[in-house]
Amino acid sequence: MKKACSSFAACKEEKKLLLVKKGFPIKECTHCGHRFTQLKEMEGHLDKVYSDEYFFGGKDGYPGYLLEKDLLLKSGINYAKIISKYTKPGKLLDVGCAAGFIMKGFEQSGWDCYGVEPNNTMAEYGRKELNLTIQTGSLEDYTTDIKFDLVNLIQVVGSLYDPDKSLSIINSLLNKDGLVLVESWNMKSIAARIAGKYWHEYCPPSVITWFSDKTLSQMFEYYGFQLHSKGRPVKKININHGLSLVGESTPNLPLKKPLLKLLSKAIGKYNMRYPAVDLKWYLFKKI
Ligand SMILES: [Zn+2]
């Protein structure tokens, strides 16, 4: 398998500039299709991006992450159900687990769960309120003697600042035949193509790499995995969260703000089914 270039390795292939978002040039490799932006400063990247503002301040993150706890728990249960078609419950590592609601859903489905999360407010909430085992920090700093049967990268793979290193670490943490569950946004989806530079996932610096089915599989294959299965998640989101995404990812037209505010007041507290046209799950198996 030929190596796809990564965002930070010195790849000699030509990178073409696709667009500039929030001052970040988003480029694509003409050779392997890898799409990414390069952050100038890596130091403290996780702390800055995954500050409390990300989880509570709206913008690209969550306007109130804790408000979505029931939905996230349900999502965890749904994913555990999907995984049960391929393996029986064992040890799970959830990378970027936030407060751990998705992980809690796996726990309720029989999994022995461990999490790693850069934001300490979230990690602390999961430890205290949900009684979960969560290490504060990045995957690169994660220390354990445990070998896992499943690693979750749910809405995380585009934010890994060193995908090469992360995938080697994940491979080494997994048992033979171990699985990786990835939930990721598809840059080649119709929604992404239509939205162009306004696509909500073009939100550097919290997302720095974008994938299609092809480029994601390419990267995992290089690190010793094979695509086992894929599908579309049934996802529900809080309407306020949806409106916050719309607000961030559309041009500033007149009346946009008052209209969004009105909608938020009228229906914001309800949940809606997210039309998952640009979102997929993938299950990779260590080979
Ligand atoms: Zn390349």
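Computed from a predicted structure; not experimentally measured.

Help me understand the packing of helix α3 (residues 69-83) against helix α4 (residues 101-108), please; the structure alone is not making it clear to me.
The geometry of a pair of packed helices is captured by two quantities: the angle between their axes and the separation between those axes. Where α3 meets α4, the axes come as close as 7 Å, and the angle between the chain directions of the two elements is 45°. One finds that α3 runs oblique with respect to α4. Considering how the two elements wind past one another, α3 and α4 form a crossing that is right-handed. For the pair α3 and α4, contact is made by Lys69, Leu72, Leu73, Ser75, Gly76, Ile77, Tyr79, Ala80 and Ile83 and by Phe101, Ile102, Lys104, Gly105, Phe106 and Gln108, respectively. In terms of residue class, the contact of α3 with α4 is made up of 9 nonpolar, 4 polar and 2 charged.

Can you walk me through helix α8 (residues 213-222) in this structure?
Owing to its 3.6 residues per turn, the α-helix aligns residues three or four sequence positions apart on the same side. Extensive coverage of α8 is indicated by the burial of 7 of its 10 residues. All of the buried residues in α8 are Asp213, Thr215, Leu216, Ser217, Gln218, Met219 and Phe220. Buried residues belonging to α8 abut β7 (148-154), α6 (163-173), β8 (174-185), β9 (209-210), β10 (225-231) and β13 (279-286). Gly224, located one to two residues past α8, shows a positive phi value of around 90°.

How should I be thinking about the state of the cysteines in this particular structure?
A covalent bond between the sulfur atoms of two cysteines is what we call a disulfide. The tally for this structure, following the rule as stated, stands at 0 disulfides. The structure places no disulfide on Cys97, whose sulfur is separated from the nearest cysteine sulfur, that of Cys113, by 9.8 Å. Residue classification places Cys97 among the buried residues on the basis of a relative accessible area of 5%.

What should I look at first to understand the sheet that holds strand β6 (residues 133-136) in this one?
Either a parallel or an antiparallel arrangement is found when strands of a sheet pair, and the pairing is made through backbone hydrogen bonds. The mixed open sheet is built from 7 strands, whose spatial order is β6-β5-β4-β7-β8-β13-β10. Of all strands in the sheet, those bounded by a partner on one side alone are β6 and β10. Mean inter-strand twist for the sheet, computed between neighbouring axes without regard to direction, equals 20°. Most of the contacts of α6 go to β8, to which it runs at about 140°, and overall it touches β4 (91-95), β7, β8, β10 and β13. Of the strands in this sheet, β7, β8, β10 and β13 touch α8, which is tilted by about 20° from β13.

Before we go on, may I ask you to explain the pairing of β7 in this structure?
Regular strands place their side chains on alternate faces of the sheet. Across the 7 residues that make up β7, a large majority, 6, are buried. Alignment of β4 against β7, held across 3 bridges, turns out to be parallel. When the bridges of β7 are listed, Asp94 appears paired with Asn152. Handedness of the crossover joining β7 and β8 through α6: right-handed.

What should I look at first to understand the pattern of salt bridges in this one?
Once their charged atoms are close, side chains differing in charge can pair, the charge on each being opposite to the other. By the definition in use, this model includes 8 salt bridges. For Glu124, the salt bridge is made with Arg127, and the minimal N-O distance between the two is 2.7 Å. With a gap of 3 residues between them, Glu124 and Arg127 both fall in helix α5 (residues 120-129), about one helical turn apart. Assessed through its relative accessible area of 27%, Glu124 is described here as partly exposed. Note that Lys176 and Asp177 form a salt bridge whose closest N and O atoms lie 3.6 Å from each other. Classification of Asp177 as partly exposed rests on a relative accessible area of 42%. Members of the salt-bridge network, linked through shared partners, are Glu124, Arg127 and Lys128.

Can you help me understand unusual backbone geometry in this one?
Across the chain, the bulk of peptide bonds are trans and the bulk of non-glycine residues have phi less than zero. Along the chain, Pro204 connects to Pro205 via a cis peptide bond; the corresponding omega equals 5°. Positive phi, close to 55°, is recorded for Ala98, a residue that is not glycine. One can find Ala98 in the loop between β4 and α4. Residue classification places Ala98 among the buried residues on the basis of a relative accessible area of 7%. Even without being a glycine, Asn131 presents a positive backbone phi close to 60°. Tracing the backbone through its elements, the reader meets Asn131 in the loop between α5 and β6. Under the relative-accessibility criterion, Asn131 is labelled exposed at 65%.

Rules used in this analysis
What you see as residue numbers is a count from 1 along each chain, following the sequence as written. Only residues with pLDDT of at least 70 are given local features in this predicted model, and only at 80 or more are side-chain atom pairs given and counted; all residues enter the totals for whole chains, interfaces and linings. Side-chain numbers here rest on the full set of heavy atoms in the structure, without hydrogens or water. Comment: axis = line fitted to C-alpha atoms, over the contacting stretch for helices; angle = value between 0 and 180 degrees taken between N-to-C directions. Helix numbers and strand numbers start at the N terminus; a helix is a DSSP run of H or I with at least 4 residues, a strand a run of E with at least 2. Here the word oblique covers every angle except those under 35 degrees (roughly parallel), over 145 (roughly antiparallel) and from 65 to 115 (roughly perpendicular). Throughout, a crossing is termed right-handed when the near helix is turned clockwise from the far one, and left-handed when it is turned anticlockwise from it by less than a right angle. By the convention used here, residues are in contact when the closest approach between their heavy atoms is within 4.5 Å. Gly is put with the polar residues, along with every residue not named as nonpolar or charged; the nonpolar set is Ala, Val, Leu, Ile, Met, Phe, Trp, Tyr, Cys and Pro, and the charged set is Asp, Glu, Lys and Arg. Relative accessibility under 20% of the residue-type maximum defines a buried residue, over 50% an exposed one, and the middle range a partly exposed one, all with a 1.4 Å probe and only protein chains included. The definition used for a disulfide is geometric: two cysteine sulfur atoms within 2.5 Å. Two strands are said to pair when DSSP picks up at least two bridges between them. Orienting the strands away from the viewer, one traces the path from the first strand over the helix to the second; a clockwise path indicates a right-handed crossover. Whenever a carboxyl oxygen of Asp or Glu lies within 4 Å of a side-chain nitrogen of Lys or Arg, that contact is scored as a salt bridge.

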